[in-house]
Amino acid sequence: MKLAVEFPSVAYREGPKAVGKLAKGIEDIGYDQLDVYDHVVMGYDIEGRTKSIYPAQMPIIEAFMMLSYAAAVTEKIGLGTEVLILPQRQPALVAKQVSSLDTLSDGRVRLGVGIGWQESEYEALGESFKTRGRRMDEAMELLRAYWREERIEFESEHYPTEAMAMEPKPPQGGDLPIWIGGNAIAAMKRIVEHGDCWYINPHTTIETLVTQVDHYKRLLDEAGKPFPAEFPMRREAFVAPTREEAIKLAGPFVSKKYAAYHSTGQSDQLPEGETLAGGFEELVGDRFLIGSPDDVAEQMIDINKRLGVNHLIVSMEWAGMVKSVAMDCMQLMAEEVIPRVRQAT
């Protein structure tokens, strides 16, 4: 199993040198990939607008800029987005940005994409929120065309392209991995048709995911496609010498995050019967990877065996957490959890 770290975007507050040191440190202690999340702008809560999950002034460094900076100070760690909100960006520009990053990092890029949830962000970027699903499908096909073909001729409702070229191509070419996030059946069909694999979100319980993975496998079979070589999932994770200490250190931050998710309607986006309501103890059992090294290793191994997941992207730092606490967790995860999980999977 591969293990990736969700890079804390707020790290920039400690200065550029600290960002570079953290990226290099994540590589040096043995993680396989460094992932960043994507928002360009955040909307204030005003009348007539869907309530936001995050505060409007949430600080988020632009995804490709962060990954480019990380690429310059690392040598081998993978570089990914989780997830880039593709339909609110120009796909030709995204194709160029990804190709350039893949070129300068010597083929280390993986693109995770999704359709997003924030209508005001689409409006600020001059894109339609209502057509994001259809444009997502077209954009992924256009990305592949730019990465693969010498002359791009692309018939499309939203992105018609005639007699264009883009160089340089990414070292990975048209095979550069695209992971697609989503929960709905429509998203699952999109994943099978256009993506390399389904990127499982961090909110759904393992019990529900067992059923969803079975559905995903059926769709792959119907399309005549094999189960993906990489099958990723993101999870909130925290490890400490004891389970009690891990809950004490991480519990308040994760509880606050998921209470905000529930208050802004994120429970409504989950499969039927799922909810983010309830306290930390109700959520931790089947959603979060929190505990001692033995606890977390066993949970990761169980995910691999029950779902076939072989690439975990873990969030181990949250807004307000002391940096040294998060770094201690990352170090302990690398030293005592990752070796055991890799040996067992």
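Look up a bit, the structure's there.
Let me begin by describing the structure that accompanies this report. (Residues numbered from 1 in each chain as written. Predicted model: local features only at pLDDT ≥ 70, side-chain atom pairs only at ≥ 80, totals over all residues. Heavy atoms only, no water.)

## Focus: the nonpolar core
Ranked by internal contacts, the top residues of the largest apolar core, which has 100 residues, are Phe7, Tyr31, Ile290, Met300 and Met333. A per-element tally of this core places helix 11 (residues 323-344) first, with nine residues. Beyond its immediate sequence surroundings of up to four residues, Tyr31 is in contact with Leu3, Val5, Ile26, Ile77, Met316, Met330, Met333, Ala334 and Ile338. (Core = buried A, V, L, I, M, F, W, Y, C linked by side-chain atoms within 4.5 Å. Buried < 20%, exposed > 50% of the residue type's maximum accessible area, 1.4 Å probe, protein only. Helix = DSSP H or I, 4+ residues; strand = E, 2+ residues; numbered from the N terminus. Contact = heavy atoms within 4.5 Å.)

## What to know about a nonpolar patch on the surface
Residues Val40, Val41 and Leu125 make up a contiguous nonpolar surface patch of about 190 Å² in total accessible area. By the secondary structure assignment, Leu125 is in the loop between helix 4 (119-124) and helix 5 (132-148). (Patch = residues over 30% accessible without salt bridge, like charges linked within 9 Å, V, L, I, M, F, W, Y side chains within 5 Å. Areas by Shrake-Rupley, 256 points an atom, 1.4 Å probe, with all protein chains shown as cover. Salt bridge = Lys/Arg side-chain N within 4 Å of Asp/Glu carboxyl O.)

## Some points on the packing of aromatic side chains
What the rule picks out here adds up to nine aromatic pairs. A centroid spacing of 6.2 Å and a plane angle of 40° characterise the contact between Phe238 and Trp318, whose relative ring orientation is tilted. With a gap of 80 residues between them, Phe238 in strand 10 (residues 232-239) and Trp318 in the loop between strand 12 (311-315) and helix 11 connect regions that are remote in the sequence. Side by side, Phe238 and Trp318 carry an identical accessibility label, which is buried. Chaining the aromatic ring pairs together yields one cluster made of Trp198, Tyr216, Phe227 and Phe231. Lying over the aromatic face of Tyr199, Arg110 brings its terminal NZ or CZ to 5.8 Å of the ring centre. Sitting above the plane of the Phe129 ring, Arg132 keeps its charged end 3.7 Å from the centroid. (Phe/Tyr/Trp six-rings, centres within 6.5 Å; stacked < 30°, edge-to-face > 60°. Lys NZ or Arg CZ within 6 Å of the ring centre and 35° of its normal.)

## A word on helix 1 (residues 16-28)
With 13 residues, helix 1 should cover 18 Å at 1.5 Å per step; its first-to-last C-alpha distance of 18 Å lies within 8% of that length. All buried positions along helix 1 are accounted for by Val19, Gly20, Leu22, Ala23, Ile26 and Glu27. Down the axis of helix 1, the smallest arc covering the buried residues is 160°, so these residues share one side. Away from its buried face by more than 90 degrees, helix 1 exposes Lys17, Lys21 and Asp28. Buried positions along helix 1 lie against strand 1 (2-6), strand 2 (33-36), helix 2 (63-73) and helix 11. Looking one or two residues beyond helix 1, the residue adopting positive phi is Gly30, at roughly 115°. (Expected span 1.5 Å × (residues − 1). Arc of directions from axis to C-beta.)

## A closer look at the pattern of salt bridges
Applying the stated criterion to the full structure yields 19 salt bridges. One salt bridge connects Asp32 with Arg342, and the closest N-O pair in it is separated by 2.6 Å. With Asp32 in the loop between helix 1 and strand 2 and Arg342 in helix 11, this residue pair connects regions lying 310 residues apart in the sequence. Here Asp32 falls in the partly exposed class, since its relative accessible area comes to 27%. In this structure Arg342 comes out as partly exposed when scored by relative accessible area, which is 34%. Lys323 is the partner of Glu317 in a salt bridge, and the nearest nitrogen-oxygen pair spans 3.1 Å. With a relative accessible area of 19%, Lys323 lands in the buried category.

## Topic: the environment of Tyr69
In this fold, Tyr69 is placed in helix 2. Taking relative accessible area as the criterion, Tyr69 reaches 36% and is therefore assigned partly exposed. Through-space distance from the C-alpha of Tyr69 to that of Val19 is 8.5 Å; in sequence the pair is 50 residues apart. Among residues more than four places away in sequence, those in contact with Tyr69 are Pro16, Lys17, Val19 and Gly20.

## Some points on the environment of Ala297
Its location among the elements puts Ala297 in helix 10 (residues 293-307). A C-alpha to C-alpha distance of 5.8 Å links Ala297 and Val341, two positions 44 residues apart in sequence. Look past the residues within four positions of Ala297 in its chain and what remains in contact with it is Val337, Arg340 and Val341.

## Digging into unusual backbone geometry
Cis peptide bonds are those with omega within 30 degrees of zero, and the linkage from Glu82 to Val83 qualifies with -10°. Secondary-structure assignment places Val83 in the loop between strand 3 (78-81) and strand 4 (84-85). Note that the residue after Glu167, namely Pro168, is joined by a cis bond; omega there is 0°. Looking at the secondary structure, you find Pro168 in the loop between strand 7 (161-164) and strand 8 (178-181). Non-glycine residue Asp106 carries a positive phi angle of around 60°.

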